[in-house]
Amino acid sequence: MTDFQRRRDHMVVAHIASRGVRDEHVLTAMRTVPRERFVAEGMAEFAYADSPLPIAEGQTISQPYIVAAMIEAAEVRPGDRVLEVGAGSGYAAAVIGQIADRVVAIERHDALGASAKRRIADLGYANVDIRIGDGTRGAPDEAPFDAILVAAGAPVVPEALKEQLAIGGRLVIPVGEERSQTLCKVIRRTESRYEESDLGAVRFVPLIGERAWAEDGSRAA
Ligand code: SAM
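**Q** Before we move on, could you go through the site of the ligand and cite the residues and values that matter?
**A** Near the ligand, the surroundings consist of 26 residues, among which Glu84, Ser89, Glu107, Gly135 and Ile208 are the closest. A distance of 2.6 Å separates an oxygen atom of the ligand from a polar side-chain atom of serine 89. The pocket occupied by the ligand, as judged from atoms lying within 2 Å of grid points, is the largest cavity. For the shell around the ligand, the secondary structure elements donating two or more residues are strand S2 (60–61), helix H4 (91–99) and strand S4 (102–107).

Structure representation (structure tokens):
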């Protein structure tokens, strides 16, 4: 067993399972994906601390516990088609790809998207498709999705994402008027409506796009 594998196992026990994540699919996926391959150069030794870490373009790779809790809340299952908005380093998309059949992950920064794409290819994760663009529009060409996860804080839930949920599909998205304190919502689409529940307070970088925040922090939508 490599040192990184040992640290990964410890991370899952000490920071994820111990804080209440029970979904075996999620725990196994978190034990499998090498987070050290997704952090910035020179940061590999911090890859298994339970904290977000800086990546390029002033963005972050999310805290492992948050990644696990959001995937658990999205009830990602084998056979699912999943959309992730805010691919960043590609780490969460890779974890989701260990469970789901197909993952489309969208990143708005070209440079981040390009390096995420490279990592995913190097690791041979053929079911994960990293795209560059404004994820607030979703990926209509691949909809509907069984689960949609948004990794950045939005002022409101973008309608396009709700519309791209399959019946029975789950959308997990941090939403809040304040840019720093955000309540993570879980929205489930039924035959006739959208049911909402809360996952708790989380802290995310802002979702920037046509149907989210503008670059200067004002509301674009
Ligand atoms: N899931 C990522 C990971 O595992 O590394 C962490 C993502 S980071 C917390 C949020 C990302 O969302 C940033 O890389 C940011 O550039 C991206 N982002 C913000 N608004 C976006 C949008 N409208 N469409 C796509 N990506 C967006």
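**Q** Could you give an account of helix H3 (residues 64–73), with specific residues and numbers?
**A** Where burial is concerned, most of H3 is hidden: 9 out of the 10 residues are buried. Listed in full, the buried residues belonging to H3 are Pro64, Tyr65, Ile66, Val67, Ala68, Ala69, Met70, Ile71 and Ala73. A positive backbone phi angle near 50° is found at glutamate 75, which sits one or two residues after H3.

**Q** Just give me the short version of the nonpolar core, but keep the residues and values in it.
**A** Core analysis: the largest hydrophobic core is formed by 54 residues, its most contacted members being Met30, Phe38, Ile71, Val76, Tyr91 and Leu149. Top contributing element to this core by residue count: H3, with 8 residues. Ignoring anything within four residues of it in the chain, the contact list for leucine 149 reads Met70, Ile71, Ala74, Val76, Val82, Leu83, Glu84, Val85, Ile96 and Val172.

**Q** Can you break down the pattern of salt bridges residue by residue, with the values?
**A** A pair can form between side chains of opposite charge whenever their charged atoms are brought close. Using the criterion set out here, one finds 19 salt bridges in the structure. Across the salt bridge formed by arginine 137 and glutamate 210, the nearest N and O atoms sit 2.5 Å from each other. With a gap of 73 residues between them, arginine 137 in the loop between strand S5 (128–132) and strand S6 (145–150) and glutamate 210 in the segment after strand S9 (194–202) connect regions that are remote in the sequence. On the basis of relative accessibility, which here comes to 38%, the residue glutamate 210 falls in the partly exposed class. What you see here is one network of salt bridges that share partners, running through Arg81, Arg102, Asp129, Arg131, Asp141 and Glu142.

**Q** Any details on empty space enclosed by the protein? Residues and values, ideally.
**A** For the structure on display, the rule yields 1 cavity of 30 Å³ or more. By volume, the largest cavity is sized at about 430 Å³. In terms of lining, the largest cavity is formed by 35 residues, of which the most central are Val85, Gly86, Ala87, Gly88 and Ala151. Elements with a minimum of two residues in the lining of the largest cavity: S2, H3, strand S3 (81–85), H4, S4 and S6.

**Q** Give a detailed account of the pairing of strand S7 (residues 165–175), specifying residues and quantitative values.
**A** Within S7, 9 of the 11 residues are buried, which leaves it mostly tucked inside the rest of the structure. Here 4 bridges tie S6 to S7, and the two strands are oriented parallel to one another. Counted as the bridge partner of leucine 149 is valine 172 from S7. Of the strand pairs in this sheet, S7 and strand S8 (residues 182–189) are connected by 6 bridges, and their pairing is antiparallel. Bridging from a neighbouring strand, leucine 171 pairs with isoleucine 187 of S8.

**Q** Please give an account of the pairing of S6 that cites residues and values.
**A** Taken residue by residue, a regular strand's side chains alternate between the two faces of the sheet. In terms of burial, S6 is largely enclosed, as 5 of its 6 residues are buried. Bridge count for S3 against S6 is 4 bridges, and the pairing is parallel. What sits directly across from valine 85, in S6, is valine 150.

Parameters at a glance
Residues numbered from 1 in each chain as written. Predicted model: local features only at pLDDT ≥ 70, side-chain atom pairs only at ≥ 80, totals over all residues. Heavy atoms only, no water. Near = heavy atom within 4 Å. Polar contact = N/O pair within 3.5 Å; in protein donor to acceptor, adjacent residues only side chain to side chain. 1 Å grid on protein atoms, 1.4 Å probe; cavity = no way out; pocket = protein on both sides within 12 Å on 5 of 7 lines; lining within 4 Å. Sits in = over half its atoms within 2 Å of the grid points. Helix = DSSP H or I, 4+ residues; strand = E, 2+ residues; numbered from the N terminus. Buried < 20%, exposed > 50% of the residue type's maximum accessible area, 1.4 Å probe, protein only. Core = buried A, V, L, I, M, F, W, Y, C linked by side-chain atoms within 4.5 Å. Contact = heavy atoms within 4.5 Å. Salt bridge = Lys/Arg side-chain N within 4 Å of Asp/Glu carboxyl O. Points joined across faces, edges and corners; volume = space filled by probe spheres on them. Pairing = 2+ DSSP bridges.

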